[in-house]
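Examination of the molecular architecture
Spelled out, the chains give:
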Amino acid sequence: MPDKSPDLKELKAIVDWISVTENISQFSLKFADVEIFLSREQRVDSPPIHQITAIPPSAPAPVAQPAPDTNPMPQAAKQAVKDALADDEVIVKAPMVGVFYAKPKPGAEDFVAVGDKVHADTVVCIVEVMKLMTNIEAGVSGTVTRILVENEQAVEFGQSLIVIKRDA
């Protein structure tokens, strides 16, 4: 089989596919003398960066550097939230990097408020990524005890959003 490098159309198709696939946070592909590395980890105030680099076969592969913590909540505050949880409380976390929406549309009431009863399938918020709105469900039946982020705040993967006290 001949060693043929992908053309620009093929590379663009791969980048586009990764951009719309939600469950991929990092992607790396090496084909002949072309290497692609894509990452969804980004600073809140900057657009995503997709880098396509042609590397000669003899060059060492670049080493990924850890992304800086862009969560507006300091590490001590994150630990305080975790430590402050009762045994019967559950945290609803962001399943992806995006923007948190507490309302289904501007001017509407919030999906939930502190004190509201929810069921496992109750939509508690939306996380938007690249104009794709994803409903986030409670996952448990119980009562909302805390909402940890503001409407339209940027959130990162795994960030705590809402605390729910499980029903007994």
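Above this text you will find the structure in question.
Residues numbered from 1 in each chain as written. Predicted model: local features only at pLDDT ≥ 70, side-chain atom pairs only at ≥ 80, totals over all residues. Heavy atoms only, no water.

**Focus: the side chain of Glu128**
Checked against the element boundaries, Glu128 lands in strand S7 (residues 123-129). Reaching out from Glu128, the side chain makes a polar contact with the backbone nitrogen of Lys131 at a distance of 2.7 Å. The contacts of Glu128, once residues within four sequence positions are left out, are Gly98, Val99, Tyr101 and Met133. (Helix = DSSP H or I, 4+ residues; strand = E, 2+ residues; numbered from the N terminus. Polar contact = N/O pair within 3.5 Å; in protein donor to acceptor, adjacent residues only side chain to side chain. Contact = heavy atoms within 4.5 Å.)

**A closer look at the pattern of salt bridges**
Within this structure, the stated rule accounts for three salt bridges. Where Arg146 meets Glu89, a salt bridge forms, and the shortest distance between an N and an O atom there is 3.4 Å. Here Arg146 is found in strand S9 (residues 142-147), whereas its partner Glu89 is found in strand S4 (residues 89-93), with 57 residues between them in sequence. Arg146 sits in the partly exposed class, given a relative accessible area of 25%. (Salt bridge = Lys/Arg side-chain N within 4 Å of Asp/Glu carboxyl O. Buried < 20%, exposed > 50% of the residue type's maximum accessible area, 1.4 Å probe, protein only.)

**Topic: the pairing of strand S11 (residues 160-166)**
Judged by how many residues are buried, S11 sits mostly within the fold: five of seven residues are covered. Alignment of S4 against S11, held across five bridges, turns out to be antiparallel. Bridge pairing in S11 places Lys93 opposite Ser160. Looking at chain direction, S9 and S11 are connected through five bridges and run antiparallel. Pairing of Thr143 across the sheet is with Lys165, part of S11. (Pairing = 2+ DSSP bridges.)

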